[in-house]
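Coordinate analysis (summary)
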Amino acid sequence: MDRKILANMLVATMGIACLTGCGQKSQTQAETLQNVSQNDEREVLTVWTRDATAPATIAAAEKYNQSQDKVTVNVVQQVSKEMANQFTLALSAKEAPDIIALDCTKIPYFAANGAYMDISDRFESLDYKNQFSAGMVKSGQVDGKTYAIPFSPDVSVLLYNKEHYREAGIDPETPPSTWDELIDYSKKLTKDGRYGYVYAGSHASAYMFTFMPYVWNNGGEILSEDGKKCLINSENAIEAIQLMSDMINEYKVTPPSTISYSWGEAQDAFLTGQASQIVLGSAAIYGFVNGTSDMDWGAALIPKGPNGTDYASFSGGDSIGITSQCKDPEAAWDFIEYALSEDVQVEELAKGGCLPARKDFFDNKYFAETPQYRVLKEALEVSHTPYSLKYDEMYTPILEDMQSCMNQQMTAEDAAADIAERIDAIMAD
């Protein structure tokens, strides 16, 4: 990787570091080294993972290390918001990990700039390659070559408070399936200081994860297939923007401060009972499964728009790949295959409430105890992952113009047109 590309990568990711502030630091290799003694002569492979998947990855490494005597896998947990920047710095210093499980939306950028090793042949050899989310698989590819494959997906679904449904006279086993039903339910649920719906109006990635499925399930698109042109300035997408504005301004079914809510504030409004419905991901369900909330909750696919032909979900989460600086690609691939096995995907990820990457692993004893996981499997099957080498750069125009629309400073039509113009300029640069 040449100096110019590395410089550009560092500039592009520096903004992420600025947003995270001080005090949050990733663990060092020494702090996370698993079962490696000073006299151990085995080769050490370093794996980077984000906070959410760290426990499962560390447990997988411990099992793997005990299963053979050639390689020791060392897992380094990175703070999620800092990970892209840390990866850029490590690449520049030629100290990159051998394997990295990274947010799938960021992989096209890094892969296009030489940070990953081509694993196309290895991926094609997997007899379960069709069990992954198509959107996540595509996000790990550039110019027809595969550089990363799904490891731990995260999909967006509608979560709702069943007790609130009962109090409002709504059948808790019949969640909204259309926009009209969502509006109707939200109106019925809004009373006595409680609101029917909430979303994170000041959080850019929340707009991607929780709002963009409304565009897709109304027959709209965000980007062209090659990720180089913004398609949000279309009637179907504009209707989705209008829906979000109407929930605040016309129907008044959201908390008054929704426009300024952070991701955490929106979740808190739902978890504390201030709001009855919200679009969240599997991380929230992990909290329910592990007893952090006693809410009687339900999960449903995100309601479909009038022009939609299918439901839709955002497929985020982590994909895993071998970096271009890996010392031993064969050993690295062997661990990746182990990380995609039932021993890890079910006994570590699913057992802990996280989603397995493989759809054939959703039918397991842990998910059988929580019927809502059937909805997550359905969401994974209809999920989309926006593909762009400049994904993070779309955040600012989407956030600014969506907020302007929510504040009634722009119409939905004007917001869509401006978002498209600004993103097209970014893609052309």
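Scroll up to find the structure.
The paragraphs below set out a description of the structure included in this document. (Residues numbered from 1 in each chain as written. Predicted model: local features only at pLDDT ≥ 70, side-chain atom pairs only at ≥ 80, totals over all residues. Heavy atoms only, no water.)

Glancing now at the overall build of the protein chain. What the protein chain contains, in helices and strands, is 18 helices and eleven strands. Taking 429 residues into account, the globule formula puts the C-alpha radius of gyration at 22 Å, and the protein chain, at 22 Å, falls close to it. Taken across its 429 residues, the protein chain has 57% of its residues classed as buried. Long-range pairs, those at least 24 residues apart, make up 76% of the contacts in the protein chain with a sequence separation of at least 6. Element-wise, carbon and sulfur atoms account for 46% of the exposed surface of the protein chain, whose accessible area totals about 18,000 Å². (Helix = DSSP H or I, 4+ residues; strand = E, 2+ residues; numbered from the N terminus. Rg over C-alpha atoms; globule rule 2.2 N^0.38 Å. Buried < 20%, exposed > 50% of the residue type's maximum accessible area, 1.4 Å probe, protein only. Contact = heavy atoms within 4.5 Å. Areas by Shrake-Rupley, 256 points an atom, 1.4 Å probe, with all protein chains shown as cover.)

For the pair helix α10 (residues 204–216) and helix α11 (residues 235–249), the least separation of the axes is 8 Å and the interaxial angle reads 135°. Classified by the angle between their axes, α10 and α11 sit oblique to one another. Here α10 and α11 pass one another in a crossing that is right-handed. In contact with F211, Y214 and V215 of α10, α11 contributes A237, A240, I241, L243 and M244. Considered class by class, the residues forming the contact of α10 with α11 number eight nonpolar, no polar and no charged. (Axes fitted to C-alpha atoms, helices over the stretch in contact; angles between N-to-C directions. Parallel < 35°, antiparallel > 145°, perpendicular 65-115°, else oblique. Left-handed = near helix turned anticlockwise from the far one by under 90°. Nonpolar A, V, L, I, M, F, W, Y, C, P; charged D, E, K, R; others polar.)

Okay, the side chain of S139 next. Residue position: S139 is located in helix α7 (residues 134–139). Look past the residues within four positions of S139 in its chain and what remains in contact with it is C104, I107, P108, T385 and Y387.

Time to look at the sheet that holds strand β7 (residues 157–161). Read across the open sheet, the three strands follow the order β8-β7-β9; overall the sheet is antiparallel. The sheet is open, and its two borders are formed by β8 (277–280) and β9 (297–300), each paired with just one other strand. On average, adjacent strands in this sheet sit at an angle of 30° to one another, irrespective of strand direction. Of the strand pairs in this sheet, β7 and β9 are connected by four bridges, and their pairing is antiparallel. Bridging across to β9, L159 finds its partner in A299. (Pairing = 2+ DSSP bridges.)

With that settled, consider the pairing of strand β2 (residues 71–78). Extensive coverage of β2 is indicated by the burial of seven of its eight residues. Pairing of strand β1 (residues 43–50) with β2, which is carried by eight bridges, proceeds in the parallel orientation. Its bridge partner being in β2, T49 is matched across the sheet by Q77. Note on the crossover from β1 through helix α3 (residues 54–67) to β2: the handedness is right-handed. (Right-handed = clockwise from strand over helix to strand, strands pointing away.)

This part covers unusual backbone geometry. Even without being a glycine, D192 presents a positive backbone phi close to 55°. By secondary structure assignment, the location of D192 is in the loop between α9 (179–189) and α10. One non-glycine residue, Q408, lies in the positive phi region at around 65°. Relative to the helices and strands, Q408 is located in the loop between α17 (395–406) and α18 (412–428).

Looking at where Y147 falls in the secondary structure, it is placed in the loop between β5 (145–146) and β6 (149–155). Distance from Y147 to L189, taken between C-alpha atoms, is 46 Å for residues 42 residues apart in sequence. Sequence-distant contacts of Y147, that is, excluding residues within four places in its chain, are made with A111, Y116, M117, D118, I119, G140, V142, G321 and I322.

With that settled, consider empty space enclosed by the protein. In this structure the tally under the stated criterion is one cavity of 30 Å³ or more. Size it by volume and the largest cavity reaches roughly 40 Å³. Around the largest cavity, the lining residues are Y199, A200, A206, T210, W263, A266, Q267, I278, V279 and L280. Only α10, α12 (263–271) and β8 provide two or more residues apiece to the lining of the largest cavity. (1 Å grid on protein atoms, 1.4 Å probe; cavity = no way out; pocket = protein on both sides within 12 Å on 5 of 7 lines; lining within 4 Å. Points joined across faces, edges and corners; volume = space filled by probe spheres on them.)

To continue, consider the nonpolar core. Judged by nonpolar contacts, the single largest core of 47 residues is most densely connected at F211, M212, Y214, I241, I398 and M406. Counting residues per element, the ones that place at least two in this core are α9, α10, α11, α17 and α18. Of all the elements, α10 adds the most residues to this core, at nine residues. Ignoring any residue separated from it by four or fewer positions in sequence, one finds F211 in contact with A206, A240, I241, M244 and M402. (Core = buried A, V, L, I, M, F, W, Y, C linked by side-chain atoms within 4.5 Å.)

Our next topic: the pattern of salt bridges. Working definition: two side chains of opposite charge can pair if their charged atoms are close together. A complete count under the given rule lists 20 salt bridges for this structure. Notably, a salt bridge pairs D103 with R50, separated by 3.8 Å at the nearest N-O pair. Here the residue D103 occupies a position in strand β3 (residues 99–103), and R50 occupies one in strand β1, the gap between them amounting to 53 residues. On the basis of relative accessibility, which here comes to 17%, the residue R50 falls in the buried class. Measuring nitrogen to oxygen at the nearest pair gives 2.5 Å for the salt bridge that ties D318 to R50. In this pair, D318 sits in strand β10 (residues 313–322) while R50 sits in strand β1, placing the two residues 268 residues apart along the sequence. One connected set of salt bridges, linked through shared partners, spans E400, D401, D418 and R422. (Salt bridge = Lys/Arg side-chain N within 4 Å of Asp/Glu carboxyl O.)

This paragraph deals with the packing of aromatic side chains. This model, assessed by the stated rule, comprises 18 aromatic pairs. Arranged with centres 5.9 Å apart and planes meeting at 55°, the rings of Y197 and Y199 form a pair that is tilted. Y199 matches Y197 in its accessibility class, with the two residues each being buried. The ring centre of Y311 lies 4.8 Å from the NZ or CZ of K304, which sits over that ring. (Phe/Tyr/Trp six-rings, centres within 6.5 Å; stacked < 30°, edge-to-face > 60°. Lys NZ or Arg CZ within 6 Å of the ring centre and 35° of its normal.)

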